[in-house]
Each structure stands twice: as structure tokens, then as C-alpha cells.
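Each chain, written out:
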Amino acid sequence: MDFYEKWLEYDYNPWILFDAHGKVLTLNQEAQFLFAEVTPQEIFELAVSYANQSYGFKTTMMDLEYGKYEFFGIMVGYEDNDAIAIRLYQKPPERIAEPHIKELTAHNIYTLIDLAVSTASISRQHGFTTTLDPTLPEIKIDPERFVSLLTHLFDCFEDSEPIEISLSLKTGETLKFEGKRYPIFQLAAKGALAGACPMAQLKQMANALNGYVTHKGNALILEAPLIMA
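Everything numeric here is computed off the predicted structure, so don't read it as measured data. (Residues numbered from 1 in each chain as written. Predicted model: local features only at pLDDT ≥ 70, side-chain atom pairs only at ≥ 80, totals over all residues. Heavy atoms only, no water.)

Draft legend 1. A look at the nonpolar core. Within the largest apolar cluster, 35 residues are counted, with the highest numbers of intra-cluster contacts made by Phe146, Phe154 and Phe185. Counting residues per element, the ones that place at least two in this core are α5 (109–121), β8 (139–141), α6 (143–154), β9 (163–177), β10 (180–190), α7 (199–207) and β12 (219–225). At seven residues, the largest contribution of residues to this core is made by α5. If you look at the next biggest cluster of nonpolar residues, it comprises 22 residues, including Ile43, Ala47, Met62 and Val76. (Core = buried A, V, L, I, M, F, W, Y, C linked by side-chain atoms within 4.5 Å. Buried < 20%, exposed > 50% of the residue type's maximum accessible area, 1.4 Å probe, protein only. Helix = DSSP H or I, 4+ residues; strand = E, 2+ residues; numbered from the N terminus.)

Draft legend 2. A look at the state of the cysteines. Going through the model one piece at a time under the given rule, you end up with one disulfide. Covalently, Cys156 is tied to Cys197 through a disulfide, its sulfur atoms 2.1 Å apart. With the S-S dihedral at roughly 75°, the linkage between Cys156 and Cys197 falls on the right-handed side. Of this pair, Cys156 sits in the loop between α6 and β9 while Cys197 sits in the loop between β10 and α7; the two residues are 41 residues apart in sequence, bridging distant segments of the chain. Cys156 gets classed as buried once you look at its relative accessible area, which sits at 2%. (Disulfide = S-S within 2.5 Å.)

Draft legend 3. Quick peek at the pattern of salt bridges. The full count for this structure, using the stated rule, is eight salt bridges. The residue Arg124 makes a salt bridge to Asp159 at a minimum N-O spacing of 3.7 Å. Of this pair, Arg124 sits in the loop between α5 and β7 (128–132) while Asp159 sits in the loop between α6 and β9, placing them 35 residues apart in sequence. Classification of Arg124 by relative accessible area gives buried; the value is 12%. For Asp159, a relative accessible area of 29% gives the class partly exposed. Across the salt bridge formed by Lys170 and Glu223, the nearest N and O atoms sit 2.9 Å from each other. Of this pair, Lys170 sits in strand β9 while Glu223 sits in strand β12, and the two are 53 residues apart along the sequence. Under the relative-accessibility criterion, Lys170 is labelled buried at 17%. Given the relative accessible area of 5%, Glu223 is considered buried. (Salt bridge = Lys/Arg side-chain N within 4 Å of Asp/Glu carboxyl O.)

Rendered as C-alpha cells:
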């Protein structure tokens, strides 16, 4: 791998090269992570839609969101009819500072989830069902912010059916901040989503936990670092 190839491979922005039929010819590491949130076909169609009418390169500023990834623009280029490339310009994630991490105390995440569920159950008739990975250790987390986030997240669901909650350790990915990498735990709530859900507020609350909230179908998903005690 020469210097140019390394530059693309380790670029913070996803980069993908497609053939004329939408098959991925090559991509960098960030693009591999992106495809966990969106299909290659959707990105290919985006590239074709915003390509220059004649050969060349075209940059378009726009807001895009695919799961946890947010972008502020794309560049599309092609020199013939055999291949087309796209680069997506990624917004930097918001992260809190390390002094806050140092102040965190260890808590049992199952107890915190039970507390949030018990609080929300007071005003719900259909309740909750849970599928929780029982192997997670105690983690360092802000308990008040975590329970508050879950409470607001549960408020996004109508009381027409139970909310399905699942908790698991996400494999193959880590969160990196303040020079360290942490495993990711994933908490998903699935049910009858209400028409209006304050995603901006939920994302801001998740950022305070060094995590993020995404919306997929009829589920809201919180992913945050598993900082072990």
C-alpha cells in the first residue's frame, strides 16, 4: 500500500468506488463502518444522483444522516462510464471532556434500566418486555443522566403495545475518545413510535454520556461506551 492508498484508507471521511452497476470496487475503513448503517445501493444511488452531468468532480453541501453518522456534504467524481466514486464529509462527533470521565462512579446497568422501566411503567398500561445480555460488568456511567435519557426515550412510544427492550455488547466496533478505545453497549427500545419524538434532545442527552441515539424503523437505539470499573 503506497502513501496515497494509506491516505484514503485512514481518512476520517468514508470513500467508496463503485462500478457502473453499483458493485463496490474498493472502499476505506470508515466506509466499511458506514455500511453497517446504510446499504451500498443507497450510497451508489446518491452518487449517481449528484454526479456532474459531464465527466469530472462535483461537491454538494447537504445534511445527511445514516444511523450514528452525520455528514455535511459529498464529493462525486467519474472520468468514464465504468466507475464512479463518492466521498462523504463527516461531521465531527460531540464528546465531553476527560475530567468528567474521571468523576464517574461504577453502577449496575441492569439496576438503572429497572429503575427507568419502573418509573415509566407508572403511566403505561402495556408495560415492557426485556431481553438483556446478563454478562455485562458494572460500568462507569452517570446514573441520573442515563435514567433520564431512558425515561425521555420511552416517552417517544405510544401506549398501544409493550415496549421491547434489548441490551447487548456490540461486536466489531469500539468508541475512541480521549486517546482510549472502549467497547460499546447497545440498548434498543422497540415499539409503536409516536409521530413526534425530540431526536435532537435525545442526541444531546446521549452525547453527555459519550454516546449517541439513532432511529431505525420502529426502534430507538442508544450506543455508549462500556467503561469498566
